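Structural description and commentary
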Amino acid sequence: MDTYHAKVERDGRFWLIRVPEIGRSTQARHLREVEEMARDLIAVMRDVAPDSFELVVSHRLPKSVQSHLARAEKLRKESGLAKSRAAQESRAAVRELVDAGLPLRDIGQLLGISHQRAAQLATDTAPKAS
């Protein structure tokens, strides 16, 4: 089965769809129409059925948008790492209070968590913060 590539980018009010394998372009008003328009173009130009080939659609976003998305991904990763470290510190705090002989109900009250959560943190086997 042949594979075609639809390279899509915004062009004014329309989505411009380029298909390099046939050297032609078409447009779609909405993103949801891109695949159908690309398939129709290829089918007409190659005289084949629209479902007789593979279509790979790729979207080209403006560099400023790509930059924002890259920064958002970096921040998500940093956030995940910060949450992991915060959880390690919470476990360490609970373990220290348990080692000092405090009951789990008191630990829960001191830390604003349930005594069940304090017990979970006290027995959690995740690595300690360094």
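Residues numbered from 1 in each chain as written. Predicted model: local features only at pLDDT ≥ 70, side-chain atom pairs only at ≥ 80, totals over all residues. Heavy atoms only, no water.

1. Some points on the overall build of the chain
Which entries qualify depends on this criterion: Helix and strand definitions follow DSSP, with helices as H or I runs of at least four residues and strands as E runs of at least two, each counted in order from the N terminus. All radius of gyration figures rest on C-alpha atoms, and the globule criterion is 2.2 Å times the number of residues raised to 0.38. Type-normalised accessible area, obtained with a 1.4 Å probe on protein chains alone, sets the label of each residue: buried when under 20%, exposed when over 50%, and partly exposed for intermediate values.
Assigned secondary structure in the chain consists of 4 helices and 4 strands. When the helices and strands of the chain are read in sequence order from the N terminus, they spell out β-β-β-α-β-α-α-α. Over its C-alpha trace the chain gives a radius of gyration of 28 Å, far above what one expects of a compact globule, namely 14 Å for 130 residues. Projected onto the principal axes, the alpha-carbon positions of the chain cover approximately 80 × 30 × 25 Å. Here the chain, with 130 residues, has 20% of them falling under the buried criterion.

2. As for the sheet that holds strand β1 (residues 3-11)
Basically, it comes down to this: Two strands qualify as a pair provided that DSSP identifies no fewer than 2 bridges between them. Axis lines are fitted through C-alpha atoms, for helices just across the contact stretch, and the angle between N-to-C directions can take any value from 0 to 180 degrees. What makes two residues a contact is simply this: any of their non-hydrogen atoms within 4.5 Å.
Spatially, 4 strands are ordered β3-β2-β1-β4 in an open sheet, and the strand pairing comes out mixed. Two strands in the sheet have a free side with no partner beyond their single neighbour: β3 (24-28) and β4 (54-60). Averaged over all pairs of adjacent strands, the angle between their axes in this sheet comes to 25°, without regard to strand direction. As paired strands, strand β2 (residues 14-19) and β3 are joined by 5 bridges and run antiparallel to one another. Bridge assignment links Val-19 to a residue of β3, and that residue is Arg-24. Running at roughly 145° to β3, helix α1 (residues 34-46) makes contact with β1, β2, β3 and β4 of the sheet.

3. Thoughts on α1
Let me state the cut-off plainly: Expected helix span is given by 1.5 Å per residue-to-residue step, counting one fewer step than there are residues.
Over its 13 residues, α1 runs 18 Å from end to end, which matches the ideal 18 Å to within 8%, given 1.5 Å per residue. Of all the residues in α1, the buried ones are Val-34, Ala-38, Arg-39, Leu-41, Ile-42 and Ala-43. If you follow the buried residues of α1, they end up packed against β1, β2, β3 and β4. Directly beyond the C-terminal end of α1, a positive phi value near 55° is found at Asp-47.

4. Structural notes on the environment of Val-19
The residue Val-19 is located in strand β2 in this model. Separated by 14 residues in the primary sequence, Val-19 and His-5 have C-alpha atoms spaced 5.7 Å apart. With sequence-adjacent residues up to four places away left out, Val-19 is seen in contact with Tyr-4, His-5, Ala-6, Arg-24, Leu-41 and Ile-42.

5. Focus: the pattern of salt bridges
Rule in force here: Any carboxyl oxygen of Asp or Glu that lies within 4 Å of a side-chain nitrogen of Lys or Arg is treated as forming a salt bridge with it.
All chains considered together, the criterion is met by 6 salt bridges. Among the ionic pairs, Glu-9 bridges to Arg-18, the shortest N-O distance being 2.7 Å. Exposure remark for Glu-9: the relative accessible area of 21% places this residue in the partly exposed category. The network of salt bridges with shared partners includes Glu-9, Arg-18 and Arg-60.

Purely geometric numbers; function is a separate question.
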